[in-house]
Each structure stands twice: as structure tokens, then as C-alpha cells.
Amino acid sequence: RTMTLLVLVCGLLFSTLSHGLILAKGGPTNEVRDAAIAARDAVPENARLLAHPQDGFWLAYWSGKQVLLDGWLAQTPQVNERWALAQAVWHSDDATKLRPVLLKNRIGGIVLTREMREGLVWEFPDEGGLELVQNSETFKNVHRSSSVEVWAVLPAE
């Protein structure tokens, strides 16, 4: 009986400890916060941010902007359409076709993270939308750190 109680207490202790370590490693970084603040100042008031859902909640919180997708996908209206739009933007290979799509969907900024570049969205360094953000007629880099970039969509001329 004592041994059973000891096993239960040790199990709860180790479970709590491992969960605490996961929580300590997770969550937003200062670079995500700084990127959100840069987006707040650079992206128009009624425009949305396109980011990976794992960062969406924090970007929305600190920027005060609406995000296309956040981590609460089950509560996101039209989630399938939004996910398809995000995929189309991330994997687009034509800047002339991309800009109208962004403007139509009120996407005023794109947030790219190291995790997105390293397999979360793209597998190769020059794949799809990664090269398109370098187009100075459509995008302007408003924030760059070692792990996060924010690209503002320039207004239509």
C-alpha cells in the first residue's frame, strides 16, 4: 500500500515537472513580440496578418491586428478556405497574381519565421513565396531579426 502511494506521488511529481519544462520552452519569444509590434506600426489598420497558426495568437495579441489563422483552428470561421488561401500565398510563384489575392483578402503583412523556413511550411530555401517577398514592388521589409521577418504588402498604385 505504501509502495503504491509512493509510485503515484512520484508519477505526479515527474509528470508535473516534465509539463512545466515543456511550458517553459514553449510560448512566444521576444523576437515574435518585436515582430508583432513592428507589424502594428507598419500594417494598415483594417488589414490582416498572414502567419503560421502557431504564432497567430501572439501576433494578434501584441499587434492588435487580425490574423488570417491562429492556433484555435476549430473556432476559426471558414478555416478550410483560410488554410487554402495561406497555402496559395506561401507557395505562389507569380508576384503579379499574388498581389491582387493579398489585397482582395485584406492581407497587409506576412510574418515569416525560422521554423516556417525550416520545414513547417517550406522544405527548400528558395521555394514558393519565400522568393516573392523580395519583390520590392509588392512587399517592404519592416522588421528582420535572426528568426522572424515581417513583410508589409504595399498598397495598390
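Refer to the structure presented above.
It should be emphasised that the depicted structure is a prediction, and the values quoted were computed from it without experimental measurement.

1. Here we look at unusual backbone geometry
The backbone of Gln78 shows a phi angle near 50 degrees, a positive value even though the residue is not glycine. Along the polypeptide, Gln78 turns up in the loop between strand E2 (66–67) and helix H4 (79–90). The phi torsion at Arg106 lies on the positive side, around 55 degrees, for a residue other than glycine. The class for Arg106 is partly exposed, based on a relative accessible area of 39%.

2. So, helix H2 (residues 30–42)
With 13 residues, H2 should cover 18 Å at 1.5 Å per step; its first-to-last C-alpha distance of 18 Å lies within 8% of that length. Of the residues making up H2, those classed as buried are Val32, Ala35, Ala36, Ala38 and Ala39. For H2, the angular spread of buried residues about the axis comes to 165 degrees, placing them on one side. Residues of H2 that are exposed and point more than 90 degrees away from the buried face comprise Asn30 and Asp41.

3. Structural notes on the packing of H2 against helix H3 (residues 53–63)
Where H2 contacts H3, the axes come no closer than 8 Å and their chain directions differ by 50 degrees. Compared by their axis directions, H2 and H3 come out oblique. Judged by the twist between their axes, the crossing of H2 over H3 is right-handed. Two secondary-structure elements touch here, H2 through Val32, Arg33, Ala36 and Arg40 and H3 through Asp55, Trp58, Leu59, Trp62 and Ser63. Partitioning the contact of H2 with H3 into residue classes produces five nonpolar, one polar and three charged.

4. Examining the sheet that holds strand E1 (residues 48–50)
With mixed pairing, the five strands of this open sheet are ordered in space as E2-E1-E3-E5-E4. The outermost strands of the open sheet, each flanked by one partner alone, are E2 and strand E4 (139–144). Bridging between E1 and strand E3 (residues 107–113) involves three bridges; their strand directions are parallel. Bridging across to E3, Leu49 finds its partner in Gly109.

Definitions and limits used
- Residues numbered from 1 in each chain as written.
- Predicted model: local features only at pLDDT ≥ 70, side-chain atom pairs only at ≥ 80, totals over all residues.
- Heavy atoms only, no water.
- Helix = DSSP H or I, 4+ residues; strand = E, 2+ residues; numbered from the N terminus.
- Buried < 20%, exposed > 50% of the residue type's maximum accessible area, 1.4 Å probe, protein only.
- Expected span 1.5 Å × (residues − 1).
- Arc of directions from axis to C-beta.
- Axes fitted to C-alpha atoms, helices over the stretch in contact; angles between N-to-C directions.
- Parallel < 35°, antiparallel > 145°, perpendicular 65-115°, else oblique.
- Left-handed = near helix turned anticlockwise from the far one by under 90°.
- Contact = heavy atoms within 4.5 Å.
- Nonpolar A, V, L, I, M, F, W, Y, C, P; charged D, E, K, R; others polar.
- Pairing = 2+ DSSP bridges.

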